[in-house]
Each structure stands twice: as structure tokens, then as C-alpha cells.
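Letter by letter, the chains look like this.
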There are 4 protein chains.
Amino acid sequence: MINVGIIGYGYWGPNITRNFVSHPGFQVLKVADNRPERREKLKSLYPHIEAVATAEEILHDPGIQAVAIVSPVFTHYQFAREALKAGKHVMVEKPMSRSSMEALDLINLAQSLGKVLMVDHTFLYTGSVEKIKELVDAGEIGKIDYFDATRINLGLFQPDVNVIWDLAAHDLSVINYLTQERPRSVQAIGKAHTSSGQENIAYLILHYESGMIAHINVSWVSPVKVRQMLIGGTRKMIVFNDIEPTEKVKIYDKGFSVKSDEDKDKLLIDYRHGDVYIPKVHMREALAGMVDDFYQSIKSDKEPRSDYHSGLEVVRILEAAELSIKENGREVKLN
Amino acid sequence: MINVGIIGYGYWGPNITRNFVSHPGFQVLKVADNRPERREKLKSLYPHIEAVATAEEILHDPGIQAVAIVSPVFTHYQFAREALKAGKHVMVEKPMSRSSMEALDLINLAQSLGKVLMVDHTFLYTGSVEKIKELVDAGEIGKIDYFDATRINLGLFQPDVNVIWDLAAHDLSVINYLTQERPRSVQAIGKAHTSSGQENIAYLILHYESGMIAHINVSWVSPVKVRQMLIGGTRKMIVFNDIEPTEKVKIYDKGFSVKSDEDKDKLLIDYRHGDVYIPKVHMREALAGMVDDFYQSIKSDKEPRSDYHSGLEVVRILEAAELSIKENGREVKLN
Amino acid sequence: MINVGIIGYGYWGPNITRNFVSHPGFQVLKVADNRPERREKLKSLYPHIEAVATAEEILHDPGIQAVAIVSPVFTHYQFAREALKAGKHVMVEKPMSRSSMEALDLINLAQSLGKVLMVDHTFLYTGSVEKIKELVDAGEIGKIDYFDATRINLGLFQPDVNVIWDLAAHDLSVINYLTQERPRSVQAIGKAHTSSGQENIAYLILHYESGMIAHINVSWVSPVKVRQMLIGGTRKMIVFNDIEPTEKVKIYDKGFSVKSDEDKDKLLIDYRHGDVYIPKVHMREALAGMVDDFYQSIKSDKEPRSDYHSGLEVVRILEAAELSIKENGREVKLN
Amino acid sequence: MINVGIIGYGYWGPNITRNFVSHPGFQVLKVADNRPERREKLKSLYPHIEAVATAEEILHDPGIQAVAIVSPVFTHYQFAREALKAGKHVMVEKPMSRSSMEALDLINLAQSLGKVLMVDHTFLYTGSVEKIKELVDAGEIGKIDYFDATRINLGLFQPDVNVIWDLAAHDLSVINYLTQERPRSVQAIGKAHTSSGQENIAYLILHYESGMIAHINVSWVSPVKVRQMLIGGTRKMIVFNDIEPTEKVKIYDKGFSVKSDEDKDKLLIDYRHGDVYIPKVHMREALAGMVDDFYQSIKSDKEPRSDYHSGLEVVRILEAAELSIKENGREVKLN
């Protein structure tokens, strides 16, 4: 039994807590939140868990071996750092930190202390992404030409980060997971509709050496909720529609091939309109998989799927995208 | 009765022809297409219309008073110019021409000769766009914050233009029609997946002085067909989903307002999740409206809704977008 | 070239006419409709076709070899009878006639005169039904347990027939086509909301010897349009959703099997939730296929797919269903 | 604080438990289930609640004032009876009992002992049904002509009841809630595909004195999940689609009116195709409302919304429908 403390019981905290509580290998000792009404909420559901007001009561508790950090982004670095230094394993909510500098520092710390440090990129544990990964790795899709992701709805404005840190982080983690290639450069354009200056609409474009392109449309001010990713491959195309209750992944035997390109004036294209196939995907709650991966990584000293490399790479792209937004869409090179 | 000749009987020509044939004020005398199988097709449906092989047989026919040009984009300028000079009224398929220079030249010609010159921006004649225009003009939506348009499917690659000239032209005509404001600058990024070099995926962003932003996502290589435009206003938001058979326009009493912006650290936002309203829209075929507008403009010497100004403005933005694509997303000023 | 005359240019007539006009083997000489405005409509689209006011001008024209009857149901028998007696081949709109007596009389006449007599059960010529037929015949679905069809919308009230003669006729033709088995009995319940007494809502249930059951829900007074048929087989299940623009046929590898039925108290059921498969279906207009089948049947003296047997069987079930409605759902045996 | 015991921790028990736990007025003392793995499940989530193996440990516990019965249908009567006799308030899962005789006996007992007896007809507490009730009561819909409900999916076969007791119970409770009128008679047809003889497909029709009709289609063997109720009124029509994540209730200003019925041969119908309106509905979890209604009824001695009359009426219709199925769709009078 691993004793765990959870920092933050806001929007996502209850889900994290429920999954740690349900996992047979974890025992949730304490949950911290500085808002009394949130602590009340916790106590009504779990009278046996101690509700504390400060993160310190978890970070300094020697009886706690693992910490889940589900507090605002700007606190991730400090809490994760203190937890690691106190000898605890750490799971931190996405995005991992506010900067790649911070992320690198945490990685170094985790490595030197031999502790697990993982990021909650929940989507990597969905049955849908697992199935798509399987198809991509098996070569079913062919070479990927493009990703086109849309993640929009009337969402909560985050006080400390803009919409790309909140929403695009999901798509970036999925794209990085599905392909080995890393973007060469990023361009982004955003728009703030409040005087806070935090963008609530943004468009990202990732350029890849291979010619692949990724486009991500994120918004907190859309009247409709869309959660969709198109993946265009040379052999097949995938639509991942996360709003669909069951038929989330559709594989289209659809596409085009260039017949003969010799003569530029005569563009001869063969279109393929074939069958569509909707594979059954595993319907387990993704968070349960993430929590179990945390457990297995602690127990067996293995790398979790959503490891710190993944966390760092996402933060690097977000950082570059934020810079590009400031400079009005300038192409920002990565490395 | 106005005698009309139609140049081009390819993908769109049959629709144009059917609507001119059905209009009581027009008599279709000739349709031109250089492909014998297209002429056969025409003759099987309309044995009473003369099928000719060359545009010249229409342009030089003194018995024809009006010409509809439905041939490839690169031919628009030449045919429209010849038709105007031959004293004919002209309706030209969108986009009006390959360059703003050409468009301006045609406009000057039409003005000096006193002939009607209009562009087939079909969407301006749909019941959906008419209804949205009515709502916007009545102030129901408030100030528009953003447009977000998606027009993607596995479409035909055009041989002479890229995907923005083919698809974004539609969204630009609608956006220009709905708002008085004209974009200050354009940024665009595109990707070609064939050696023709013509982009088959592109993302456009239009910047406006007022802070409004427009994003347009167009693609010929999507497995699914999406025809959607989101319009975010300060009072209400609209979703125009053209795939829906009947409920195409949805008005959301949904949005947010900033409660107090004094303290940047405390972002106080009020969310509004109200009713949704789906107005009945006129279901007439849009092309019938366009053809009738052409007729009324000739008869009453009035400006058509989809006039040459509209045609020119769309071409100007496309031109700038094409330049931006070449320069990798550089912001290109308009005017 | 077969000369054809079309009787009726109301709702369906224009579609029939367009398809006969486009078929290279037919020449449409005359179209009859007693409403002057319908004849005007015809003439504006097809100036070369003669618009006549009475069916007789077609039935007595010795230059016409084939007749399409697209007039109200109560006229089918008389017109078809006269046409056959005048030595013409006949295609009659569904339902074939108002009674099985009438249908049998027409069949006898056609047989004795050696003329083609077919019914326009258009759905048999859709790519969707062709694909489902192929799957059923190949044993992919297993033994069929049930059909469940819904065909509802705010539709036109027919003056001379109730909703089952208008709408259920479609589903019955499809069900009869897909399975060799014929229903043993019919039960039906209907409701009229006008004093005409013609039912505008009705529910039909067909019982089969094998245990198969079919349920058909038809309505002219539904706010939404539904065109759906579920087919439950022991191996797979099919959803045929005709509203979907492209993905009309979905095959579900879903179902249940009874593990052990020995002990009634312990019902052990194995559920199967597998993949879904959407086959590409032929997108040709169904009416074009029907018209071509008429042509081939005349030319090659073969039985059309939608032959008079099919027409008669549908009429028989409708007749029994109408009787059942009158007797409040009593089970009416068929033969 | 009311101490509560919950009998049954199977499919629905965890939801009931969670809502009692979250309610500030209830304290869950014990949950009973005879399956050890279910008790383990409970203990992992709520270590502070006592998991017991038998209902008796709850029924005979003097410290428990209220009991929620979430066990199989055939046990409802016995457990509710014992609980009432032990002086406890009772909430019983739908359907209330296996027969109207049993339901009447429980009602008498509750009345004589002055205890609350309510049925968990959860749907009455959904924001959707609340909104529809409001609209119907305000006369917005006009006189209701028909209900048409579909509740189908690949569902669990219940061991002790057929599909109508499981699924149609929901629709019957909603229909009874929305209208004052009670059905005059019932007809039902069902089909069993296992040798247990329990019907897994069934169609119910309710006849009303006023001419209103209700049709209910329920199935455990459908490949797709449908949860839809159409309500046709003389002024407006409603579609309640419970699968939709947010836009569950749509009100159509759509319909028809009979212009003049004098001459039966000339059916003159006026069609109305107006706007559609999607009201915002309260998104609270329905079960929370039901649990709170139980609490308020105990505290204030008021009638709960989903009271025993409602429970009895649903059982009466189910009983009649079961009889009708046995007699092949015979019309069974109610009262």
C-alpha cells in the first residue's frame, strides 16, 4: 500500500481522488485545498480522508510516499520540487510546468533522487488513443501527412495561463505520442477578449522536417463543444471524435494518390472512397489507467507512458507557441 | 426574355444551366464545352439547347445578351473581358479572376460600358446566410469577436488554383457580406502534398482593426466533410452548419462577460448558458436566387447583391493570402 | 429507342421524368397532367416534350411503347389496365394498386399479353439496400431475428390513402426483398387526427413462422424526419439510416448469445461488443437503376428486380394491415 | 441527520449510494449485498460505511430510519413491506413491485403507519422532464395528440422481468407525469429470443379516451442506443432526445391544421414549419433531486413527486401490457 497525498481539490481534483481511492495499491491519506468549501465537499464524500488546508501538510508528512499535484499551473514547479526533495514520487497535472527550464530542473532532481516523476497527460491512457497508436505503429495509416485538431467550447478561463497551456497541451501530448518525429518549428496566433491579456482563442501550426504539418484550433469561447482530431495518412485517414459516446475512432479507407506528376499541368489524381471501420476501443476510464501506471512505475521502477520527457516536450512547444503569439505568428524554431 | 449563353459544362455548369433554364426571364440559347462527352450530356437533358465546342461561338453571337462563365478560374478574365466588350452582361463563377488587377480591369470595363458584371458567390443567396445577415444587422449578435470557418472534405484538386482559391473564396464572401469591416491584414499557411505545388491544405487568419479575428481552415484531403462557420458575438453566438439538412443555423444565447477587470490577477468572468434558437430559413435553391438577381440587375439597372466589389474584395484577400503562404505566414497588409 | 409516356407530373413525376430523359434507351414523348401549372413547369424545363392534359392522350397513342404511371394510387389500376391492353409496357408507382384483386388482374393481363409490368419500389435500387441484400445473402448477418423500421416526418397527407399505403409500402418492399420468408400474419394500429378518417400514424407488426418479427412505425405528423431500419441477426446487426448523407449502412459486430438455457432461473447471456463496419455503397441515384431495369426487362424479356410479384405481396400486406387497423389490431392471417 | 440503509449494490446501487452519501441530510450507515465482491467494491470507496451481507441487518436495525431498496424487482415487495412494518421510510427502485396487488398492499401499509413510501422514477427529476412538464402545463404544446417513445440498446437481460418491466417503466412514468389523463386500455406485443421466455423486444400502445395515443418501443437487442420521446401537440411538438449531451429538449413550431373538413374528399391541410427552440434545462443529476425529495418528504411530511400513486399506476399498466402480450396483442382495459 502506497500512501498518497493529493494537492488541489478544484475541478480535476475530485476525479484524481476518486481514482486513487479506487486503486487497490494506493491509500489516500490527505487532500489539501485552501478553500474551506472544497474541503467540506471532500469530507462529505470521503469522511475517512483527512482534508488539510495547505500543501505543506502533505509535503512534510513523512508517512506519505507519493504526491499528486492538481493545483494551478504556476504552483506545479514549486510543489513538485519540494515533494521530490522530500523523497516522494510525484504525479503532476498537465502542463508539467510554466517553462522548460522548470521542467528540466524537475527532471534532473527526479533522476538524481531516483523518484518517479510523471505528468497526467490523461489522453494517452484512453482506449481511443491506445487504438490509434496501435494502428499507426502497425503501419495501417501509412506515413502521416497531417494532424488537424479542434478543441473548443465555452470553457473556464484559467487565471494564470492562456488557452494553449490549458487545451493545446492535450493535443500536443497525443501528437507527440503518436509520432516519433518532433516539430522543427511552431507558429501561433492568439486573441484575448479580456483585458487580462490571456489569449482565449488560439491557432497553432507545427512544422516537421518530413513535410508533416499539425494544426491545432483551441478556444474557450465557442458556443459548441468540439473535440476532434483528424489524422491524414498516405494509406488511411483517422477521425478521432471524442464527443461521440462510443464510436470515437473512425478509420477511413479514403484518400488520394498522385497518378503521374511528370507534367505539372496535368494533375492526375486517383481518389479512393472505400469502407469505414470503427474499431472497438477499451472503455476503461483513462484516469484509472494513469493512476495504475503511476503505481506500476513506483513498484517496478519502470518508465510511465506519460513520462517526464513527454511532459518536457509539450512544455517546450507551448513555450515556443507563446513566443510566436507575442511576435504575431513568427516561426519559432525548436532546438 | 434575355438570351443567355453558358461557357463551361463541367462540375458546376449543369447546376447553373438548370437554374437559367428554369428562370422565366432567361432563354438559354447555347452552352459551350470543348469536351464532346459533356456536350452529349447536355444534349440528352436539353435537346433544344445548342451545344457548342468553343466559348467564341457564344461570345461572338449577337443574339446573346448575357453570358454565364463557369469555366476554370484562369479563363475568367479573358472570357469576361470579351463578353463585356461584345456588349453582353456577365455573371462569372467565383473567384472572379486570378488577380485583383484583372478584377479591376473588368470592373472598369463594365462601368464604362454600362453592363452588369456579377460574381456567383452562391452562399450569399442561401436562406441561411440571409437569416444570419438579418440577425447581425439587427444587432442580435452584438459586436462580432470572431469568425471560425471550416470547409474540408476529400475534394477535387483543381489543376490551376490551390485550395484557398477554390474553398476559402466561399467563406471570405460570406464574412465580407456579414460585416462592414474589411481585414487589415492576412496570414496564411498552406501545404501541398503533390509535386504540382498547389496547396491542398491551408489555414487563413484575417486581422481586423476592431480586434475581430477570422480563421479559415480549408482542405481537399479530409476524410470527413465539414462545412461549418462559428460566429462569436458579444451578445450571442451563431453556428452555421451547412451539412445539417434543415437545422443549419443555430443561435446560442451563450457567452461570457468580464465582471471586473480592475485587478488583472482576479479574472472574474460571468458565463451565460441560455437557450438555443433555430430559426426557420428559406429553403429555396441559392442558385435560383443568384440567377434571379442577375435578371433583376439587368432589367432594373440595380446592383446585384453579389456585385463586382464583393468579387474584387475576395480576390484581394486571396491574393494576399497566397503571398503570405509563399512567405511562410508573414502578415500581409491589405491596402 | 423506346418511346415512353409519363402519366402524372406532381411530386414524384419530375424525378421519374428526369431519369427517363437521361436514359439513352428511352425517348420521352409525352407527359400528362390535368393541372395547367404543372404542364407549364414541365415545358419550361423540357420544351421538346409534349405536355398533355389527359392520360388518354398517352394511352391511345400508338407511337408510345411504354408508360410510367405516377398518378394517385386510386388511378393506378385503371391506367395500368388500359396501357397493357393497348399493348404497352407498364411501370407503375408504388403501391401497385388499391387491392390485391386489382394487382392480380393486372398481373394476369401482363402475362397473357407478354408485356413488362413492374412497380417502382425505388428502395430496391439504392446502393444501401443492394449492399444489405449482398450481406444477408452471404450469411454475414446470420438468421434474422427482427426488423424494426421507422419512417416518420411531417409529411403530406395523401387524400386517397392512409399513411401505411404511402410510407409502410417502402419498408415492406425492402423487407420482402431481403428475406425469402413471407409474413404469416399482420397486426396494425393506426390513428387519424383529421375527420377524413385516414390514419396519419400507424404501427405495423408482421409475424413470421420462423419466429422473426417486423415492426414498422410510420407517421406524417412527426416533427423530425427519421428513416431508419434496424436488422437484428444472430451473427451481426445492421443499421440502415437513410438520413445520413454517406454512411448509411452500419454493420455492428454486436449481439448476444445464450450460454446455457437449461436452468431457466439462471439466464446466462454472453454479450459481444465488437467493431463496426461501414461499407462503401454505390451512390448512383436509385431511380436511374429502376428506369434502366425497366429498359433491360423490355429489351431482354427478363424479370425486373421490382417485379409484379413484389408489387402484389406488398399490396397484400397493406390490405391485411388496413383490415387489422379497422378491427383494432386483430391478427390478420395472410393465406 | 436521517440514518439510511441501502439494500442492493449492483448496477444502480452505487449511484444511489453516492447520492445519499453526498446529501447533507442523510447518513448512510449500512449497505447490503450478498455478493462479497460487491461489498469489497463498496468498502474500497467508502471505508466508513458498513457493508453487510443480508437485507435483514438493515431492516432490523433500530438505528436506521430510512431504507432505499435497489435489489431485483421480485424482492421489492417483501423488503418494502418489512421496512415499513419496522417503522422505516422507504424509497424503492422502479418498478415498485411485481403486481398492483403488492403495490396496493404497500400503499395501505405506508398510509396506516404514516411513513413515506416513494418510487425511484428517476426521470421525473431530470431537468429535461421538468422543462417539458412546465411547457405542457403552460399550454405551450396544446392538446397532446401522441407520445412516441423509443428506448432501445444492447442491454442487460434481466433474469426476473421482461423488457417492459425494465425499460417501458421509465416511459410510462414520464407519460403519466406529463398528462393528467390515464390510459383506457393497453395493447402489447413482445418477442423472446431466449428460452427463458422473457420478452427482450416489445411494443406497447396505450389508448386514451381523448383520442391521444402512446406508442413505446423497447428492446434489449438493438445495436444502437436510442432514448427518444416524441410528443405531438396541436400547437407544438417536442423531441426529447436523452442521448444528446446538452440539447436534449427541442420544441418544434411545426405541425398541421385541418383547414376545412366539410368535404371529406378534399382534405385541406395547412402545414406549419416554424422555428425550433432548445430551452436550457437544469443539469443537476436527477438522482440528487430524487434523494432530496425523499428527504423533504420525510422532514415536511409532504408527498414526493414520484409518489406511490405514480408507482402503482405504472405497475398497473405493465401488468396489463404483460397480459396483452400473453394474449397476442389483445386490448386489455384498465379499470
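This report concerns the structure included in the present document. (Residues numbered from 1 in each chain as written. Chains lettered and ligands numbered in written order. Predicted model: local features only at pLDDT ≥ 70, side-chain atom pairs only at ≥ 80, totals over all residues. Heavy atoms only, no water.)

Here we come to the interface of chain C and chain B. Counting residues at the interface gives seven residues for chain C, matched by seven residues for chain B. Between chain C and chain B, a total of about 700 Å² is buried, with carbon and sulfur atoms accounting for 66% of that surface. The three residues of chain C that bury the most area against chain B are C:Ser44, C:Leu45 and C:His48, which together make up 50% of that side's buried surface. There are zero salt bridges connecting chain C and chain B. Scanning the region where chain C abuts chain B turns up zero residue pairs in polar contact (both at pLDDT 80 or more). Elements represented by at least two residues in the side of chain C that touches chain B include exactly helix 1 (13-22) and helix 2 (36-45) of chain C. Its residues assigned to classes, the side of chain C that touches chain B comprises four nonpolar, three polar and no charged. (Contact = heavy atoms within 4.5 Å. Buried area = accessible area lost by both parts, 1.4 Å probe. Salt bridge = Lys/Arg side-chain N within 4 Å of Asp/Glu carboxyl O. Polar contact = N/O pair within 3.5 Å; in protein donor to acceptor, adjacent residues only side chain to side chain. Helix = DSSP H or I, 4+ residues; strand = E, 2+ residues; numbered from the N terminus. Nonpolar A, V, L, I, M, F, W, Y, C, P; charged D, E, K, R; others polar.)

Right, let's get into the interface of chain C and chain D. At the junction of the two partners, chain C supplies 47 residues and chain D supplies 47 residues. Carbon and sulfur atoms make up 66% of the surface buried where chain C meets chain D, a total of about 4500 Å² over both sides. Linking chain C with chain D are zero salt bridges, by the criterion used here. Inspection of the region where chain C meets chain D yields 17 residue pairs in polar contact (both at pLDDT 80 or more). A class-by-class count of the residues in the side of chain C that touches chain D yields 22 nonpolar, 16 polar and nine charged.

Attention now moves to helix 4 (residues 73-85) of chain D. All names here are of chain D. With 13 residues, helix 4 ought to run about 18 Å at 1.5 Å a step, and its terminal C-alpha atoms sit 19 Å apart, in line with that. Those residues of helix 4 lying buried are Val73, Thr75, His76, Phe79, Ala80, Ala83 and Leu84. Taken together, the buried residues of helix 4 touch strand 1 (2-7), helix 3 (56-59), strand 4 (66-69), strand 5 (89-93), helix 5 (100-113) and strand 6 (117-120). Residue Gly87 follows helix 4 closely and has a positive phi angle near 80°. (Expected span 1.5 Å × (residues − 1). Buried < 20%, exposed > 50% of the residue type's maximum accessible area, 1.4 Å probe, protein only.)

Right, let's get into the sheet that holds strand 1 (residues 2-7) of chain A. What holds strands together in a sheet is hydrogen bonding between their backbones, with the strands either parallel or antiparallel. Residues and elements named next belong to chain A. Strand order in the open sheet formed by six strands is 3-2-1-4-5-6, with parallel pairing between adjacent strands. What marks the edges here is a single partner per strand, and that holds for strand 3 (50-52) and strand 6 (117-120). Here the average twist between neighbouring strands, direction ignored, is 25°. Bridging between strand 4 (residues 66-69) and strand 5 (residues 89-93) involves four bridges; their strand directions are parallel. The residue of strand 5 that forms the bridge with Val67 is Val90. (Pairing = 2+ DSSP bridges. Axes fitted to C-alpha atoms, helices over the stretch in contact; angles between N-to-C directions.)

Quick look at the packing of helix 5 (residues 100-113) of chain A against helix 9 (residues 308-326) of chain A now. Residues and elements named next belong to chain A. Between helix 5 and helix 9, the least distance of the axes is 9 Å, while the angle of their chain directions is 165°. Taken together, the axes of helix 5 and helix 9 lie roughly antiparallel to each other. Judged by the sense of rotation from one axis to the other, the crossing of helix 5 with helix 9 is left-handed. Between helix 5, through Ser100, Met101, Ala103, Leu104, Ile107, Ala110 and Gln111, and helix 9, the contact on the second element is made entirely by Tyr308, Leu312, Val315, Arg316 and Glu319. In the contact of helix 5 with helix 9, the residues fall into eight nonpolar, two polar and two charged. (Parallel < 35°, antiparallel > 145°, perpendicular 65-115°, else oblique. Left-handed = near helix turned anticlockwise from the far one by under 90°.)

Once that is clear, we can look at the sheet that holds strand 2 (residues 26-32) of chain D. Residue and element names in this part refer to chain D. What the six strands build is an open sheet, ordered 3-2-1-4-5-6; its pairing is parallel. Bordering the open sheet on either side are strand 3 (50-52) and strand 6, each of which pairs with just one other strand. The average angle at which neighbouring strand axes cross in this sheet is 25°, direction not considered. Helix 4 contacts strand 1, strand 4, strand 5 and strand 6 of the sheet and is inclined by roughly 170° relative to strand 5.

So, about unusual backbone geometry. Peptide bonds are, in most cases, trans, and in most cases residues other than glycine have a negative phi. Put simply, A:Lys94 and A:Pro95 share a cis peptide bond, and its omega is -15°. Mapped onto the elements, A:Pro95 comes out in the loop between strand 5 and helix 5. Residue C:Asp301 is not a glycine yet carries a positive backbone phi of 55°. Looking at the element boundaries, C:Asp301 is found in the loop between helix 8 (286-300) and helix 9 (308-326).

Time to look at the relation of the copies chain C and chain D. Structural alignment of chain C on chain D gives an RMSD of 0.0 Å, achieved by rotating through 180° and translating 0.0 Å along the axis. What the rotation and shift describe, once combined, is the action of a two-fold rotation axis. Interface overlap between copies is the fraction of interface residues in one copy that are interface residues in the other; for chain C against chain D it reaches 98%, indicating a shared surface. (Least-squares fit on C-alpha atoms with pLDDT ≥ 70 in both.)

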